Amino acid sequence: MIKHHLPDEVLMAYSAGNLPEAFNVVVASHVSMSDDSRVRLETYDALGGAVLDTVDAVEMGEGSLEATLAMIDRTAVDAITTEPRTLKPGVFPAPLQSYVGGDLEDVKWRSVGMGVKQAILKTNKSATVRLIYIPSGVAMPDHSHGGMEMTLVLKGAFEDEVDYFARGDVEIADQDVHHTPVAVGSEDCICLSATDARLKFRSLLPRLAQPFLQI
Amino acid sequence: MKSGASESLAEECTQEAMATLWHKAHLFDPSRASVSTWVFTIARNKKIDVLRKQQRPEPEDLPWGPEAEPDQADVIVLQEESERLSKALAALPEKQRDLVEKAYFGDMSHSEIATVTGLPLGTIKSRIRLALERLRHEMK
């Protein structure tokens, strides 16, 4: 039972396409697991559509229609068939599987000490997303992040000063939150964590306080 | 177009989005999203693709998958809801609507909106929140 869903501000920013790729991986993975967040995300997509309907039309350049029609002809139909987004069921949701190139057993871990391992996923450079493996009973090594940190639990659970987080739960912390997550329970804990040291992202989601919209 | 991109990039982006809409028209399911929502998501993905040169990871599809034939009742309910949403949006005070629009199409964070509009960040956040609360109220 997921207790910690994504706040509306994050879902709105994901819907608008204003988040760095690394954070999008975490949001897409969490939404795959949380019906509550999925429903709210669909609301924001609908709002985006409604906003699109209300904005003024923009004059297109000369020859734009011809260019578009030419593009339609050029694009091979087989190139745009959508690949199924439901892969084989595993520990990782589909969007994460496509970044890892497989499931848990395919992760190329690197040890960072105390039995803790990590694997950084390849995204563009605006932010970083990594898988973190923490043996049960071990605390996350001290890590500093200048900006925002968004952590999704994939397996096991961790506990910190804020609360208890299990599979599907997501915790958001900014640099003011000093927390020491400790893996708890019988299983080792595996998390997906995005960080952004840049001020830009931090100010995008200043204090995830006010719950926004739940139409 | 509204995201502050250069004109030629924006044109390219729009043309590609139109071409994608054309090719994917058969995948559109009117019981799952309104046309506006569908156009919005495709245009947004194209924008991320062209302007930011990054992939957009999408959530997993729900296990029951696309239905063979959309349910007409669902289609009608969805159409009505999206009409109500558009009306509610149009009825917002201009200041609130403008900020919601910027949040989607300005390609800006709230603090960047603050710089552009000269409004304090707190004002922007409370106006967006008010707008969303009003919409939620209208949709009840």
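Definitions and cut-offs
- Residues numbered from 1 in each chain as written.
- Chains lettered and ligands numbered in written order.
- Predicted model: local features only at pLDDT ≥ 70, side-chain atom pairs only at ≥ 80, totals over all residues.
- Heavy atoms only, no water.
- Helix = DSSP H or I, 4+ residues; strand = E, 2+ residues; numbered from the N terminus.
- Buried < 20%, exposed > 50% of the residue type's maximum accessible area, 1.4 Å probe, protein only.
- Contact = heavy atoms within 4.5 Å.
- Areas by Shrake-Rupley, 256 points an atom, 1.4 Å probe, with all protein chains shown as cover.
- Expected span 1.5 Å × (residues − 1).
- Pairing = 2+ DSSP bridges.
- Axes fitted to C-alpha atoms, helices over the stretch in contact; angles between N-to-C directions.
- Core = buried A, V, L, I, M, F, W, Y, C linked by side-chain atoms within 4.5 Å.
- Phe/Tyr/Trp six-rings, centres within 6.5 Å; stacked < 30°, edge-to-face > 60°.
- Salt bridge = Lys/Arg side-chain N within 4 Å of Asp/Glu carboxyl O.
- pLDDT = per-residue confidence, 0-100.

**Looking at the overall build of chain A**
- In terms of regular secondary structure, chain A is built from six helices and nine strands.
- In chain A, buried positions account for 52% of the 215 residues.
- Taking all contacts inside chain A whose residues are at least 6 apart in sequence as the whole, residues at least 24 apart take part in 67%.
- Carbon and sulfur atoms form 53% of the exposed surface of chain A, whose accessible area is close to 10000 Å².

**Structural notes on the overall build of chain B**
- Counting secondary structure elements, chain B contains six helices and zero strands.
- For chain B, the α and β elements follow one another from N to C terminus as α-α-α-α-α-α.
- Classification of the 140 residues of chain B by burial places 42% in the buried group.
- In the structure as shown, chain B presents an accessible area of about 7600 Å², 53% of it carried by carbon and sulfur atoms.

**Quick look at helix α4 (residues 94-105) of chain B**
- Taking 1.5 Å per residue, twelve residues should reach 16 Å; α4 of chain B reaches 16 Å between its end C-alpha atoms and fits that length.
- Within the span of α4 of chain B, buried status applies to Gln96, Leu99, Val100, Ala103, Tyr104 and Phe105 of chain B.

**Considerations on the environment of Ile172 of chain A**
All names here are of chain A.
- Following the sequence through the fold, Ile172 ends up in strand β7 (residues 170-173).
- Judged by relative accessible area, Ile172 falls into the partly exposed class, the value being 23%.
- In this structure the C-alpha to C-alpha distance between Ile172 and Glu149, which are 23 residues apart in sequence, comes to 5.7 Å.

**Here we look at the sheet that holds strand β8 (residues 182-184) of chain A**
Residue and element names in this part refer to chain A.
- The three strands lie next to each other as β6-β5-β8, forming an open sheet whose pairing is antiparallel. Only two strands of the sheet have a single neighbouring strand rather than two, namely β6 (164-166) and β8. Averaged over all pairs of adjacent strands, the angle between strand axes in this sheet comes to 30°, irrespective of strand direction.

**A few points about the nonpolar core**
- If you look at the biggest cluster of nonpolar residues, it comprises 60 residues, and the most contacted ones within it are Val27, Leu47, Leu96, Leu131, Leu154 and Leu192 of chain A together with Tyr104 of chain B.
- Broken down by element, this core gets its largest block of residues, eight residues, from helix α2 (residues 21-33) of chain A.
- Not counting residues within four places of it along the chain, the set of residues in contact with Leu192 of chain A comprises Val25, Val26, Ser29, Leu96, Leu121, Val129, Arg130, Leu131, Met150, Thr151, Leu152 and Leu154 of chain A.
- The next biggest cluster of nonpolar side chains, apart from the first, holds eleven residues, and it includes Val116, Ile132, Ile134 and Cys191 of chain A.

**Some points on the packing of aromatic side chains**
- If you walk through the whole model with that rule in mind, you get three aromatic pairs over all chains.
- Seen from their ring centres, Phe158 of chain A and Phe165 of chain A are 5.1 Å apart, and the 25° between their planes marks the pair as stacked.
- The buried category is assigned to Phe158 of chain A, whose relative accessible area is 1%.
- Judged by its relative accessible area of 2%, Phe165 of chain A falls in the buried class.
- Ring centres of Phe40 of chain B and Tyr104 of chain B lie 5.7 Å apart, and the angle between their planes is 75°; on these two criteria the pair is classed as edge-to-face. You can see Phe40 of chain B sitting in helix α2 (residues 35-51) and its partner Tyr104 of chain B sitting in helix α4, a full 64 residues away along the chain. Both residues of the pair, Phe40 of chain B and Tyr104 of chain B, belong to the buried class.

**Some details on the pattern of salt bridges**
- Here the structure, examined in full by the defined rule, presents nine salt bridges over all chains.
- Of the charged contacts in the structure, one is a salt bridge between Arg40 of chain A and Asp36 of chain A, with a shortest N-O distance of 2.9 Å. Residue Arg40 of chain A and its partner Asp36 of chain A are both found in helix α3 (residues 35-54); the two are separated by four residues, about one turn of the helix.
- Note on Asp36 of chain A: relative accessible area 34%, which makes it partly exposed.
- A salt bridge links Asp49 of chain B to Lys46 of chain B; the nearest nitrogen and oxygen atoms lie 4.0 Å apart. With Asp49 of chain B and Lys46 of chain B both in helix α2 and three residues apart, the pair spans about one turn of that helix.

**A word on the confidence of the model for chain B**
- Counting all residues, the mean pLDDT for chain B is 77, and 85% of those residues have values of 70 or more.
- Mean pLDDT per element in chain B: helix α5 (residues 110-117) of chain B is the minimum at 71, and α4 of chain B is the maximum at 84.

**Let's talk about the sheet that holds strand β3 (residues 128-134) of chain A**
All names here are of chain A.
- Taken in spatial order, the six strands line up as β1-β2-β3-β9-β4-β7 in an open sheet, and their pairing is antiparallel. Edge positions in the sheet fall to β1 (110-113) and β7, since each has one partner strand and no second. Taken pair by pair, the neighbouring strands of this sheet meet at an average axis angle of 25°, ignoring direction.
- Sheet analysis places β3 next to strand β9 (residues 189-196), joined by seven bridges and oriented antiparallel. Across the sheet, the residue bridging to Ile132 is Cys191, located in β9.
- Against the sheet, α2 engages β3, β4 (148-155), β7 and β9, with an angle of about 40° to β4.

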